[in-house]
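# Summary of structural features
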Amino acid sequence: MDLVFGLLWLLTVFLEGVYCQGVYASPTVRIVHSGHACNIEEERYTERVYTIREGETLELTCLVTGHPRPQIRWTKTAGSASDRFQDSSVFNETLRITNIQRHQGGRYYCKAENGLGSPAIKSIRVDVYYLDDPIVTVHQSIGEAKEQFYYERTVFLRCVANSNPPVRYSWRRGREVLSQGSDKGVEIYEPFFTQGETKILKLKNLRPQDYANYSCIASVRNVCGIPDKNILFRLTNKTASPTIKLLGDDPVVVNPGQTVTLVCIASDREPTPTLTWVRNTETLPEKSVLNGGTLTLPAVTSEDAGVYSCVANNNVGNPAKKSTTVVVRALKKGRFWITPDPYHNDDNIQIGREVKISCQVEATPPEELMFSWLKNGRALRSSERMVITQTDPDVSPGTTNLDIIDLKFTDFGTYTCMASLKGGGIPEISIDVNISSTTVPPNLTVPRGKSPLVTQEGDTVELQCLVSGKPKPIILWSRADKEAPMPDGNMQTESYDGILRIVNVSREMTGSYRCQTSQYNGFNVKPREAIVELIVQYPPTVEPVFTEIRQGLARTFPMSCRVLRAHPSRVLKYEWRLGSRLLNAGQFDSQDETEYSVRSLSREGYGEYSCDIINEAGAGRCSFLVTGKAYPPEFYYDTYSPLWQNRPRVYAFKLQWTQMNPNAVDRIMAYRLGIRQTGQQRWWEQEIPIEGMIQKGELITYNLTELIKPEAYEVRLTPITRFGEGDSTIRIVKYSEILMGAHVRSGGTSPINPHLREFHCSFEEEPICMFTQEKIDDFDWTRHSAATRDTKYTPNTGPSSDRSGSKQGFYMYIETSRPRMEGDKARLLSPTFNIAPKNPYGTTNSAYCFSFYYHMYGKHIGTLNAYLRLKAQTMTESPIWTLIGNQGDRWKQAKVNIHPTAAFQMVLEGVRGPGIEGDIAIDDVTIEEGECGDPPPNLKSSAPSNTPPIWHLCVTLLLALFVNRR
């Protein structure tokens, strides 16, 4: 007996493990669509292609299973050009793109993950269809172009339109359809290298009758309802490529603030050319005013300068282009430098030696630049001792030099370089240079105590170099230890007083900085330089910055805080606190981590713990929030058959959930259930008591009753322990989502739910409930109604109404008239359905009733077959129903029990008989969960019956052991 009870105990543990672990499941995912799809087709049963017209609304929904509830993420990779979904992802179930554009086509991925197993990923390729207006361009064969562009010459009319799918072209001359061979003077062809992108109409040795109106029609064969587009081109003896001319000077030189008007005139050619203006390769200034071929630029500035081009285009030959340059006069950036006697190795100015003063100015236009020199305010002319020259523009543009030969005491004074433009209207630039006995080269030093310079992160710091000499040059600051930009983003920073000021200094700015003299506004000698070291101290960087710890009373647990980086890294101290109360303090030796343990947690021990790690620059803090709050419950969304009805106007819902980490805190004593209609403010609350400990993975059930149809409800669940309330979880219960299954009535395009409950289709709408035609059969099923079907040639076959008796109702049938041959097959495929999920005991209820109405009337009726297609790792197809021959002029119903073991489709196959009076029709196709109510006729079983659950086998085994033991 002890053995038996031991086995029973093991069985209990085993069953609990099976039950609990069975609730947790890795995610599965399926993509369904709504919106404005033109077509959905399978590609090798792994990916669907969603075709949509440009400008319509794309709507894709990711249906998932798995517990805990998987997180969903939509991402995209493009089909042709790279498009990263606007550099973002969509984290919800439905992806909706209104007014979809062609660049948004590509492959969209839905990824679902819940931390169990591998993420589930499904993709669907979105193909955006469009057709742009066609464009006709006209060309003449090379070498034949003359003034009379098209007289007795070969002419090419090329038609191009952007489209997806590839466009088909056709040509008309007037009302005459042109085709290859219809006219010896006309040739129609597609250039080999264009791969169908264009269609060229070649008019050989132009004849009088070739002067006509030509139409190019671009068509994508009305896919997605996209209409054909056409363009008309009139070919006459005046048809010619455009020519243009510009009125005015080139270049156009103006002063700032003036108005510039550019006039472009096109010749009288057919078609009339369009005129456009461009600047360089950029857009025109915003203030530009366009009036036909006239471009006006009011109040010009230096930024408006550039090359402006007028382009004329009439799609005949090559566009005509003429350009002019707009020059805005300006003077800026005056600089000088002093060069001591180059023949002596001395940087100082000395009596009796040569000295050169150079002056540089940026001028626009440079050819208008004029220089003059003054000494002490008086004009200075070039002489043997005072030589004034202008440097070669290719070597140093905009530069003038004053060479003083054999410097004398009387030469000391102030020399002024004056720069101006010939036309006037621009203020002159003057630069003063003092030459005296105190004019000496520069020298750089770093003040005492300013290097190394120690500061703290976030402070404002000034790096200083003392510069002496006269005149004082500009100081250039740069990084000396690495190729890196300065704090202002430039590689060099100018300073006129030798000080580099850095605001809000950061740790990355630690390093060596170089200050050096510039040759501008100073001596043209070897630069002087000095180095300043900057050391930035910063408080410790620690981890974790924040951690929440959930613990029950009387438990013991540790907390640790670790140093990642700090400067200075020595003399680190730590302090542990609960609120403001000091718990422990100390100093680091060689370790980089400190730990504090809470022993036998009490109510007073709940709160926020902090660990401050401190150095000279400040403190880094680790924070730990210790709480007894329970984790949130996790709703179970894969409940099998959650809905039931016992009265017409209300419904009930089976709410199921598991508890996240139930053993982390004290025992959960109850759940507070809140419920309200969506859109309402008030919550109705009640408590659900819990007996005993909740196990990890234990599935808890509570039935919500008296829910009013068809209202949706917001349900909130909050765990309660002796600490108080825990974290809440909210979900929405929608009646429309749980209506016994996925009803796709009358060809509606609602998405099929992941687990089939009921499916019905009566073919009343064009999308035919997502049924598709098999691609590898001989012909297709046809959707028709008795009111529109033509029975002139085959009056003794086919239905006279749909299954309900309506002549306006629709059904599907096979048309067996010629050219159909005996044995030809037409196959119609249902949507793909997932079978019901496993229940907690590991078994699957996969029995369904497949029924449809058929009409098989006529002396040449062939065969109607039904197949079950399973879409597992390898696709299999099994016959489940067949019927041959004439069954009379009436609708009959067929019912078949099916037991799919994987996702499945139903296949209806019509086979043509020996003659034309053999039309077969079907209507009202239904798939319902459970066995058929009536004994199904003509049944062929396609799957084994369900196996008993594992617990049943285990109990049977134990009973057998018990009997043997007795």
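Residues numbered from 1 in each chain as written. Predicted model: local features only at pLDDT ≥ 70, side-chain atom pairs only at ≥ 80, totals over all residues. Heavy atoms only, no water.

### Here we look at the overall build of the protein chain
Across its full length, the protein chain carries 2 helices and 70 strands. Considering only contacts within the protein chain whose residues lie at least 6 apart along the sequence, 69% involve residues at least 24 apart. Only carbon and sulfur atoms are counted for the fraction: they give 49% of the accessible area of the protein chain, which is about 50,000 Å². (Helix = DSSP H or I, 4+ residues; strand = E, 2+ residues; numbered from the N terminus. Contact = heavy atoms within 4.5 Å. Areas by Shrake-Rupley, 256 points an atom, 1.4 Å probe, with all protein chains shown as cover.)

### Considering empty space enclosed by the protein
Empty space among the atoms can be located by rolling a probe the size of a water molecule over them. Tallied over the full model, the rule gives 1 cavity of 30 Å³ or more. Taken as a whole, the largest cavity holds about 30 Å³ of empty space. For the lining of the largest cavity, the residue count by class is 3 nonpolar, 2 polar and 3 charged. (1 Å grid on protein atoms, 1.4 Å probe; cavity = no way out; pocket = protein on both sides within 12 Å on 5 of 7 lines; lining within 4 Å. Points joined across faces, edges and corners; volume = space filled by probe spheres on them. Nonpolar A, V, L, I, M, F, W, Y, C, P; charged D, E, K, R; others polar.)

### Describing the side chain of Glu 917
Relative to the helices and strands, Glu 917 resides in the loop between strand 69 (904-911) and strand 70 (920-929). For the buried residue Glu 917, which engages in no salt bridge, the nearest side chain bearing the opposite charge is Lys 859, 4.5 Å off. The residues touching Glu 917, leaving out its near neighbours within four places in the chain, are Asn 796, Thr 797, Thr 816, Gly 858, Lys 859, His 860 and Ile 861. (Buried < 20%, exposed > 50% of the residue type's maximum accessible area, 1.4 Å probe, protein only. Lys, Arg positive; Asp, Glu negative; His and termini not counted. Salt bridge = Lys/Arg side-chain N within 4 Å of Asp/Glu carboxyl O.)

### A word on the state of the cysteines
The tally for this structure, following the rule as stated, stands at 7 disulfides. Here Cys 159 engages in a disulfide with Cys 216; their sulfurs sit 1.9 Å apart. A torsion of -85° about the S-S bond marks the disulfide between Cys 159 and Cys 216 as left-handed. Note that Cys 159 is positioned in strand 10 (residues 155-160) and Cys 216 in strand 16 (residues 213-219), a separation of 57 residues in sequence. Of the residues examined, Cys 159 reaches a relative accessible area of 0% and is grouped as buried. According to the relative accessible area criterion, Cys 216 is buried, its value standing at 0%. The partner cysteine of Cys 264 in its disulfide is Cys 310, sulfur to sulfur 2.1 Å. The sign of the S-S torsion, about -75°, decides the handedness of the disulfide formed by Cys 264 and Cys 310: left-handed. (Disulfide = S-S within 2.5 Å.)

### Focus on the pairing of strand 65 (residues 848-856)
Counting buried residues along strand 65, 9 of its 9 residues qualify, which places the element largely inside the surrounding structure. Here strand 65 runs beside strand 68 (residues 892-898); their pairing, made up of 7 bridges, is antiparallel. Following the sheet pairing, Cys 849 is matched in strand 68 by Asn 897. Relative to strand 70, strand 65 runs antiparallel, the two being bridged by 8 bridges. (Pairing = 2+ DSSP bridges.)

### A look at the pairing of strand 32 (residues 413-421)
The element strand 32 is extensively covered by neighbouring structure, given that 8 of its 9 residues are classed as buried. With 7 bridges connecting them, strand 28 (residues 369-375) and strand 32 associate as antiparallel partners. Looking across to strand 32, one finds that Leu 369 is bridged to Leu 421. Bridge count between strand 32 and strand 33 (residues 429-435): 7 bridges; the pairing is antiparallel.

### Looking at the pattern of salt bridges
In total, this model carries 40 salt bridges according to the counting rule given. Ionic pairing is found between Arg 102 and Asp 132, a salt bridge with its closest N-O pair at 2.8 Å. Residue Arg 102 is found in the loop between strand 6 (94-97) and strand 7 (106-113), and its partner Asp 132 is found in the loop between strand 8 (120-131) and strand 9 (135-140); the two are separated by 30 residues along the sequence. By relative accessible area, Arg 102 is classed as partly exposed at 32%. One salt-bridge network, in which partners are shared between bridges, spans Arg 173, Glu 176, Asp 183, Arg 207 and Asp 210.

### Concerning the nonpolar core
Phe 850, Phe 852 and Trp 881 are the most contacted members of the largest nonpolar core, which totals 37 residues. The biggest single contributor to this core is strand 65, with 5 residues. Cys 359, Phe 371, Met 386 and Ala 419 belong to the second largest nonpolar core, which has 29 residues in total. (Core = buried A, V, L, I, M, F, W, Y, C linked by side-chain atoms within 4.5 Å.)

### Focus: the sheet that holds strand 10
If you walk across this open sheet you meet the 4 strands as 9-10-15-14, and the pairing is antiparallel. Two strands bound the open sheet, and with one partner strand each, they are strand 9 and strand 14 (186-189). Neighbouring strand axes in the sheet, compared pairwise and without regard to direction, differ in orientation by 20° on average. Inspection of the sheet shows strand 9 paired to strand 10 by 6 bridges, in the antiparallel sense. In the strand pairing of strand 10, Val 138 is matched with Leu 157. (Axes fitted to C-alpha atoms, helices over the stretch in contact; angles between N-to-C directions.)

### Quick word on the sheet that holds strand 69
If you walk across this open sheet you meet the 5 strands as 61-64-69-66-67, and the pairing is antiparallel. Each end of this open sheet is capped by a strand with a single partner; those strands are strand 61 (772-773) and strand 67 (875-884). Alignment of strand 64 (residues 825-829) against strand 69, held across 5 bridges, turns out to be antiparallel. Residue pairing across strands places Ala 826 opposite Gly 910, the latter belonging to strand 69.

### Details of the side chain of Arg 479
You can see Arg 479 is positioned in strand 38 (residues 475-479). There is a polar contact of 3.4 Å between the side chain of Arg 479 and the side chain of Asp 481. At a separation of 3.1 Å, a polar atom in the side chain of Arg 479 contacts the main-chain carbonyl oxygen of Thr 510. Excluding residues within four positions of it along the chain, Arg 479 makes contact with Ala 484, Pro 485, Met 486, Glu 508, Met 509, Thr 510, Gly 511, Ser 512, Tyr 513 and Arg 514. (Polar contact = N/O pair within 3.5 Å; in protein donor to acceptor, adjacent residues only side chain to side chain.)

### A look at the environment of Val 160
If you trace the backbone, Val 160 turns up in strand 10. On a C-alpha basis, the gap between Val 160 and Ala 218 in space is 8.4 Å, while along the polypeptide they are 58 residues apart.

### Topic: the confidence of the model for the protein chain
Per-residue confidence for the protein chain averages 84 on the pLDDT scale, and 86% of its residues sit at or above 70. Contacts of residues 1-21 to residues separated by more than four positions or lying in other chains number 21 contacts, the stretch itself having pLDDT below 50. (pLDDT = per-residue confidence, 0-100.)

### A few points about the packing of aromatic side chains
Here the distance between the centres and the angle between the planes together describe a pair of aromatic rings. Throughout the structure, instances matching the rule amount to 16 aromatic pairs. Taking 5.3 Å as the distance between ring centres and 75° as the angle between the ring planes, the aromatic pair formed by Trp 657 and Tyr 671 counts as edge-to-face. On the criterion of sequence distance, the pair formed by Trp 657 in strand 53 (residues 650-659) and Tyr 671 in strand 54 (residues 670-677) is long-range, its members being 14 residues apart. In this pair, the class of Trp 657 matches that of Tyr 671, namely buried. Among the aromatic residues, ring-to-ring pairing joins Phe 850, Phe 852, Tyr 854 and Trp 881 into one connected group. The ring of Tyr 867 has Arg 827 lying over it, and the distance from NZ or CZ to the ring centre is 5.3 Å. (Phe/Tyr/Trp six-rings, centres within 6.5 Å; stacked < 30°, edge-to-face > 60°. Lys NZ or Arg CZ within 6 Å of the ring centre and 35° of its normal.)

### As for unusual backbone geometry
Put simply, Asp 250 and Pro 251 share a cis peptide bond, and its omega is 5°. Mapped onto the secondary structure, Pro 251 falls in the loop between strand 18 (244-247) and strand 19 (252-254). A cis amide bond links Glu 270 to the next residue, Pro 271, at an omega of -10°. Tracing the backbone shows Pro 271 in the loop between strand 20 (260-266) and strand 21 (274-279). Despite not being glycine, Lys 333 shows a phi value in the positive range, around 55°. Positionally, Lys 333 belongs in strand 26 (residues 330-340). The phi angle at Asn 504 is positive, at roughly 55°, despite the residue not being glycine. For Asn 504, a relative accessible area of 51% corresponds to the exposed category.

### Examining the environment of Thr 414
With respect to the secondary-structure elements, Thr 414 resides in strand 32. According to the relative accessible area criterion, Thr 414 is partly exposed, its value standing at 26%. Considered as a pair, Thr 414 and Val 433 are 19 residues apart in the sequence and their alpha carbons are 5.6 Å apart. Those residues in contact with Thr 414, other than ones at most four positions away along the chain, are Leu 374, Lys 375, Asn 376, Asp 432, Val 433 and Asn 434.

### Observations concerning the environment of Asn 490
Tracing the backbone through its elements, the reader meets Asn 490 in the loop between strand 38 and strand 39 (493-495). Taking C-alpha positions, Asn 490 is 8.9 Å from Ser 478, a pair spaced 12 residues apart along the chain.

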